[in-house]
There are 2 protein chains.
Amino acid sequence: MTTGARRRMGVEERRDQLIAVALGLFSHRAPEDVSIDEIAEAAGISRPLVYHYFPGKQQLYEAALRRAAEELAARFVEPHEGPLGARLLRVMERFFDFVDEHGPGFSALMRGGPAIGSTRTSALIDGVRQAAYEQILAHLALTDPPPRLELVVRSWISLAETTALLWLDGRRVPRAELERQLVHDFAALAAVSAAYDDRMAGIVRRILADEPADGMFADLVGRLMALPQPV
Amino acid sequence: MTTGARRRMGVEERRDQLIAVALGLFSHRAPEDVSIDEIAEAAGISRPLVYHYFPGKQQLYEAALRRAAEELAARFVEPHEGPLGARLLRVMERFFDFVDEHGPGFSALMRGGPAIGSTRTSALIDGVRQAAYEQILAHLALTDPPPRLELVVRSWISLAETTALLWLDGRRVPRAELERQLVHDFAALAAVSAAYDDRMAGIVRRILADEPADGMFADLVGRLMALPQPV
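Along each chain, the written sequence defines residue order, and numbers are assigned to residues from 1. For naming, the first written chain is A and the first written ligand is 1, with later ones following in the order written. Reporting of local features is limited, given that this is a predicted model, to residues whose pLDDT is at least 70; pairs of side-chain atoms are given and counted only at 80 or more, and all residues count toward the totals for whole chains, interfaces and linings. The basis for the side-chain values is all heavy atoms of the structure; hydrogens and waters are excluded.

Quick notes on the overall build of chain A
- Of regular secondary structure, chain A possesses 12 helices and 0 strands.
- Segments assigned H or I by DSSP are reported as helices when at least four residues long, segments assigned E as strands when at least two residues long, and all are numbered from the N terminus. The order of α-helices and β-strands along chain A, N terminus first, is α-α-α-α-α-α-α-α-α-α-α-α.
- Any residue under 20% of the maximum accessible area for its type is buried, any over 50% is exposed, and the rest in between are partly exposed; the area is computed with a 1.4 Å probe on protein chains only. Counting the 231 residues in chain A, one finds 54% classified as buried.
- In what follows, a contact means two residues having at least one pair of non-hydrogen atoms within 4.5 Å. Taking all contacts inside chain A whose residues are at least 6 apart in sequence as the whole, residues at least 24 apart take part in 67%.

Structure (structure tokens):
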């Protein structure tokens, strides 16, 4: 044993450590399958001491999922530079990094589950979804989005969530393929909406104008925009 | 008062009535905002008698949401006749009929919420999603779907859910437009996946072969299939 490992930690430092330990365990098993005893052992402290820092299992698990939600939301932040398709692809890569690292912890965050109450999990994940939505709107430089754009962006976020959850269940498709596909899916959903609405068509054309000829969107969306209006 | 309305109901009949009354109220307000007193009054019986048929509020609300889930799943059943795009459009029309009729009850079913436990709501909605998935696979006549098709179908189901929930929040886009768009979204997501995978390309081509030249899919997917492979 080293002096460094055994030194007395402050309250916030110890809470941070317990949250980190919990998230580490949640990256391999679902939160409801991880006991406080295991967290105490992995942290090198006694079970009663865990309860000194968190009044109950639910409080610790909720703090851990809140930390995970904050980390996930932070990965959506991307500089406003370069083509939108390339920005979106970098965000998708960081999103799948997070999903890959957190595994069952990500599923617990997205699906809720018995470990913490549904209302609190829903509030956490709604916050993550809102952060994703606001980031995308900021990249589109739109402060007053039309209802159809909100539908496209929010339903695409839900598509990305579902795709990541399904990918985690067996990892049967290479994640790099799904990261690229999700960027193309965004373009495809925007283009389908643009085929029904002039304002959406204008937004999609403006995005395209900034895309390079060899970019993620240009080829796919260019062909979709050539579609006639549906009958 | 008529003899018919006042005749003594059997237990199952009374339970059915209370479930129908609850769903009627949930079509205007969220389940957590509807009291047992209101359900009793609307059913024309006393509050204690409600508890004779359901041990608690949660049991009645869960029975109502289960009924709603069954009704929703039943609307996915569509004869295996005619072009796939037209079949999917008819299912989307019935889906939005359900969403329109049930309003807050649909939201409660999909989002969970405080009225009934998250684990039980999740099981109900997972059942509805599975029913939708199996119906689509049956229409595609595929018993051994490749992982990429499962991703496309399940993530599209999630897209349809989110689109319907967002539509309910203000109904700012005509539902007929969204019903058609969702069919086109299905084609677009399948086509993006087909651009990455030969087996998906084969499945999409087989669907197309059965579509009429003026059908929902033919034009949109035909152009998407002409896309080169992404770099």
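Remarks on the packing of helix α2 (residues 11-26) of chain A against helix α3 (residues 36-43) of chain A
Residues and elements named next belong to chain A.
- Think of each axis as a best-fit line through the C-alpha atoms, taken over the contacting stretch in the case of a helix, with angles from 0 to 180 degrees between the N-to-C directions. At a closest axis distance of 9 Å, the pairing of α2 and α3 adopts a crossing angle of 115°. For the crossing formed where α2 meets α3, the hand is right-handed. Residues R14, Q17, L18, V21, A22 and L25 of α2 lie in contact with α3, whose contacting residues are E38, I39, A42 and A43.
- For this classification, Asp, Glu, Lys and Arg are treated as charged, while Ala, Val, Leu, Ile, Met, Phe, Trp, Tyr, Cys and Pro are nonpolar and the rest, including Gly, are polar. A breakdown of the residues in the contact of α2 with α3 according to their chemical character gives 7 nonpolar, 1 polar and 2 charged. Take the far helix as the reference: if the near one is turned anticlockwise from it by less than a right angle, the crossing is left-handed, and if turned clockwise, right-handed.

Quick notes on unusual backbone geometry
- You will see that R171(A), though not glycine, has its phi angle at about 45°, which is positive.
- With respect to the helices, strands and loops of the structure, R171(A) is situated in the loop between α9 (147-168) and α10 (175-194).

Observations regarding the UniProt feature "DNA-binding region" (unreviewed entry) in chain A
- As annotated in UniProt, the feature "DNA-binding region" (unreviewed entry) corresponds to residues 35-54 of chain A in the numbering used here.
- For the annotated span residues 35-54 of chain A, helix accounts for 75% and strand for 0% of the residues, and the straight-line distance between the end C-alpha atoms is 14 Å. UniProt positions are given in the numbering used here, feature names are shortened, and annotations may be inferred rather than shown by experiment.

Some remarks on the packing of aromatic side chains
Residues and elements named next belong to chain A.
- Stacked, edge-to-face and tilted labels apply to pairs of Phe, Tyr and Trp rings (six-membered ring for Trp) whose centres lie within 6.5 Å, assigned for plane angles under 30 degrees, over 60, and everything in between, in that order. Counted by the stated rule, this structure contains 12 aromatic pairs over all chains.
- Where W156 meets F186, the ring centres are 5.2 Å apart and the plane angle is 80°; that geometry is what we call edge-to-face. With W156 in helix α9 and F186 in helix α10, the pair connects residues that are 30 residues apart, well separated along the chain. For the residue pair W156 and F186, the accessibility class agrees, reading buried in each case.
- Sitting over a ring, as applied to charges here, requires NZ of Lys or CZ of Arg to be within 6 Å of the ring centre and within 35 degrees of the ring normal. In this structure, R154 is placed above the aromatic ring of Y133, and the distance from its NZ or CZ to the ring centre is 3.7 Å.

Regarding the pattern of salt bridges
Residue and element names in this part refer to chain B.
- Note on definitions: salt bridges are taken to be side-chain nitrogens of Lys or Arg within 4 Å of carboxyl oxygens of Asp or Glu. Under the criterion given, the structure shown has 34 salt bridges over all chains.
- In this structure, R175 engages D100 in a salt bridge whose closest nitrogen and oxygen atoms are separated by 3.3 Å. Here R175, found in helix α10 (residues 175-194), pairs with D100, found in helix α6 (residues 84-102); they are 75 residues apart in sequence, far enough to count as distant.
- Residue D100 is classed as partly exposed on the basis of its relative accessible area of 29%.

Regarding the nonpolar core
- To form a nonpolar core, buried Ala, Val, Leu, Ile, Met, Phe, Trp, Tyr and Cys residues must be joined to one another through side-chain atoms within 4.5 Å. Judged by nonpolar contacts, the single largest core of 149 residues is most densely connected at F95(A), F106(A), W156(A), F95(B), F106(B) and W156(B).
- In contact with F106(B), not counting residues within four places along its chain, are L72(B), F95(B), F98(B), V99(B), A164(B), L165(B) and L168(B).
- Membership of the second largest hydrophobic core comes to 8 residues, among which are A188(A), Y196(A), A188(B) and V192(B).

Section: α9(A)
All names here are of chain A.
- Here, expected helix span is obtained from the residue count minus one, scaled by 1.5 Å. Here α9 is 22 residues long and its end C-alpha atoms lie 32 Å apart, about the 32 Å a rise of 1.5 Å per residue gives.
- In terms of burial, α9 is largely enclosed, as 21 of its 22 residues are buried.
- Backbone geometry just after α9 places G170 at a positive phi near 110°.

Quick notes on the environment of P79(A)
Residues and elements named next belong to chain A.
- Summarising the element assignment, P79 is placed in the loop between α5 (57-74) and α6 (84-102).
- On the basis of relative accessible area, P79 is assigned to the partly exposed category, the value being 45%.
- Spatially, the C-alpha atoms of P79 and H139 are 8.8 Å apart, while their sequence positions differ by 60 residues.

Some details on the confidence of the model for chain A
- Residue-level confidence of the predictor is what pLDDT reports, using numbers from 0 through 100. Across chain A, the average pLDDT comes to 87, with 88% of residues at or above 70.
- Segment residues 226-231 of chain A is flagged for pLDDT under 50; beyond a separation of four residues in sequence, or across chains, it makes 12 contacts in the model.

Some details on the side chain of E211(B)
All names here are of chain B.
- In this fold, E211 is placed in the loop between α11 (198-209) and α12 (218-225).
- Only four residue types enter the tally: Lys and Arg on the positive side, Asp and Glu on the negative side, with His and both chain ends excluded. Buried charge without a salt bridge: E211, with R87 as the nearest opposite-charge side chain at an N-O distance of 7.1 Å.
- Polar contacts, as counted here, are pairs of nitrogen or oxygen atoms within 3.5 Å of one another; within protein the pair requires one atom able to donate a hydrogen and one able to accept it, and residues that are adjacent in sequence qualify only if both atoms are side-chain atoms. Side-chain polar atoms of E211 contact the backbone nitrogen of G85, separated by 3.1 Å.

What to know about the environment of A201(B)
Residue and element names in this part refer to chain B.
- Considering the arrangement of structural elements, one finds A201 in helix α11.
- Judged by relative accessible area, which is 6%, A201 ranks as buried.
- Spatially, the C-alpha atom of A201 lies 8.4 Å from that of A190, the residues being 11 residues apart in sequence.

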